[in-house]
Amino acid sequence: MLKKNLAGIKQRIQNTAHGCGRDPNDVKLVAVSKTVETERVQQAIEAGVTILGENYVQEARDKITALSRYPVSWHFIGHLQSNKSKYVVRLFDLIHSVDRLKLAQELNKQARKLDKIQNILIQVNISGEAAKSGIAEAAAIDLVKEISALEHLSIQGLMTMPPYFNEPEKVKPYFAALQKLSDLIRSLNIVNVNMQELSMGMTGDFEVAIENGATLIRIGTAIFGERL
Ligand SMILES: *Cc1c(COP(=O)(O)O)cnc(C)c1O
């Protein structure tokens, strides 16, 4: 089941990338394993998954500890409270959800203690919905500039969660807007800021995301099935 799901997704990534003139190797699959028990995550790793995405710190810590013998990369993709920074910096290679200076300062402080350069993405609330995490689009450049001064953080790109999950034709403008913002920030050549990653696209809309430049697609349901 898992193997078949993964093979199907890889095939769709390849087809979509080829269809829009991109190299499929430039699209990395983040297998979103929130609420999935450790044994099944292990099966996914053994079936070839190399990046796992987790939303909850405590749950992730247990899995990462249990699966530490595998050379996989763990990404934090959920909403993050500053008081969890210490754990997140210890556990994760990339944090997708940095959306405010106070959080960045805390992550920077914890990374400094570990003598680590923590890779992060800036989460942008591209749709402007009030209830949603992410920095407002209009404030994103200022936030990037402020965070770029923090020596133990390294900005690698942007992340977004569009509205209308799983309605591909409706999410396209949001993905396109994130790509445009990324291009704009890249053109500013801010020291200590890379704009090489665009984290966008989930089970229902990853093909549209790839067509709009996604380099990290975050897929849970299509790999592991419906979450309980
Ligand atoms: C749960 C989650 C996903 C995966 O969603 P699916 O629709 O199951 O693929 C992706 N990104 C984030 C931030 C999530 O919380």
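Notes on the structure follow. Worth saying up front: this structure is predicted, and the values here are computed from it rather than measured.

1. What to know about the pattern of salt bridges
Next, step 1: As enumerated under the stated definition, the model contains 8 salt bridges in all.
Next, step 2: Residue Lys109 is joined to Glu106 by a salt bridge in which the shortest nitrogen-to-oxygen separation is 3.9 Å. Of this pair, Lys109 and Glu106 both sit in helix H5 (residues 101–113), 3 residues apart, which is roughly one turn of the helix.
Next, step 3: A relative accessible area of 39% means that Lys109 is categorised as partly exposed.
Next, step 4: Residue class for Glu106 comes out partly exposed when judged on its relative accessible area of 21%.
Next, step 5: Glu129 is the partner of Lys132 in a salt bridge, and the nearest nitrogen-oxygen pair spans 2.8 Å.

2. Examining the packing of aromatic side chains
Next, step 1: What the rule picks out here adds up to 1 aromatic pair.
Next, step 2: Centroid distance Phe76 to Phe92: 5.3 Å. Interplanar angle 70°. Geometry classified as edge-to-face. With a gap of 16 residues between them, Phe76 in strand E3 (residues 73–76) and Phe92 in the loop between helix H4 (85–91) and strand E4 (94–98) connect regions that are remote in the sequence. Per residue, the accessibility class of Phe76 equals that of Phe92, and both read buried.

3. Some points on the site of the ligand
Next, step 1: Around the ligand sit Val32, Lys34, Asn55, Ile77, Met161, Met202, Thr203, Arg218, Ile219, Gly220, Thr221 and Arg227, and those are all the residues in its vicinity.
Next, step 2: The pocket occupied by the ligand, as judged from atoms lying within 2 Å of grid points, is the largest pocket.
Next, step 3: Across the shell around the ligand, the residue classes break down as 5 nonpolar, 4 polar and 3 charged.

4. Examining the environment of Asp26
Next, step 1: Following the sequence through the fold, Asp26 ends up in the loop between helix H1 (2–19) and strand E1 (28–32).
Next, step 2: Take Asp26: its relative accessible area is 42%, and that puts it in the partly exposed class.
Next, step 3: Through-space distance from the C-alpha of Asp26 to that of Ile210 is 9.6 Å; in sequence the pair is 184 residues apart.

5. Regarding H1
Next, step 1: With 18 residues, H1 extends 26 Å between its outermost C-alpha atoms, agreeing within 8% with the 26 Å of an ideal straight helix rising 1.5 Å per residue.
Next, step 2: All of the buried residues along H1 are Leu2, Asn5, Leu6, Ile9, Ile13, Thr16 and Ala17. Along the axis of H1, the buried residues cluster in a sector spanning 100°; they form a single face. Those residues of H1 that are exposed and aimed more than 90 degrees away from the buried face are Lys3, Lys4, His18 and Gly19.

6. Considering helix H3 (residues 57–66)
Next, step 1: Looking at H3, one finds that the buried residues are Val57, Ala60, Lys63 and Ile64. Along H3, the residues classed as buried sweep out an arc of 130° about the axis, all on the same side.
Next, step 2: Where H3 is buried, its residues contact helix H2 (38–46), strand E2 (51–54), E3 and H4.

Cut-offs applied
- Starting from 1, residues in each chain are numbered consecutively following that chain's sequence as written.
- Predicted model: local features are reported for residues with pLDDT of at least 70 only, side-chain atom pairs are reported and counted for 80 or more only, and whole-chain, interface and lining totals are derived from all residues.
- Side-chain measures were taken over the full set of non-hydrogen atoms in the model, leaving aside hydrogen atoms and water.
- What makes a salt bridge here is a side-chain nitrogen of Lys or Arg within 4 Å of a carboxyl oxygen of Asp or Glu, nothing more.
- Only runs of H or I of at least four residues qualify as helices and only runs of E of at least two qualify as strands under DSSP, and these elements are numbered from the N terminus.
- Residue burial is assigned from relative accessible area. The probe radius is 1.4 Å, only protein chains are included, and a residue is buried under 20% of its type maximum, exposed over 50%, and partly exposed in between.
- Each pair of aromatic rings taken from Phe, Tyr and Trp, with Trp reduced to its six-membered ring, is defined by centres within 6.5 Å and is described as stacked if the planes are under 30 degrees apart, edge-to-face if over 60, and tilted in the remaining cases.
- Summary of the distance rule: residues count as near a molecule or strand when at least one heavy atom falls within 4 Å of that molecule or strand.
- Space inside and on the surface of the protein is sampled on a 1 Å grid over the protein atoms alone, with a cavity defined as a set of points where a 1.4 Å probe fits but cannot get out and a pocket as an open set with protein on both sides within 12 Å along at least 5 of 7 lines; lining residues have an atom within 4 Å of a point.
- Think of it this way: a molecule belongs to a cavity or pocket when more than half its atoms come within 2 Å of the grid points there.
- Think of it as three bins: nonpolar holds Ala, Val, Leu, Ile, Met, Phe, Trp, Tyr, Cys and Pro, charged holds Asp, Glu, Lys and Arg, and polar takes everything else, Gly as well.
- Multiplying 1.5 Å by the residue count of a helix minus one yields the expected span of that helix.
- Here, the arc refers to the directions that run from the helix axis to the C-beta atoms.
- Contact between two residues is taken to exist if any of their heavy atoms lie within 4.5 Å; hydrogens are not considered.

Distances and angles like these do not, on their own, reveal function.
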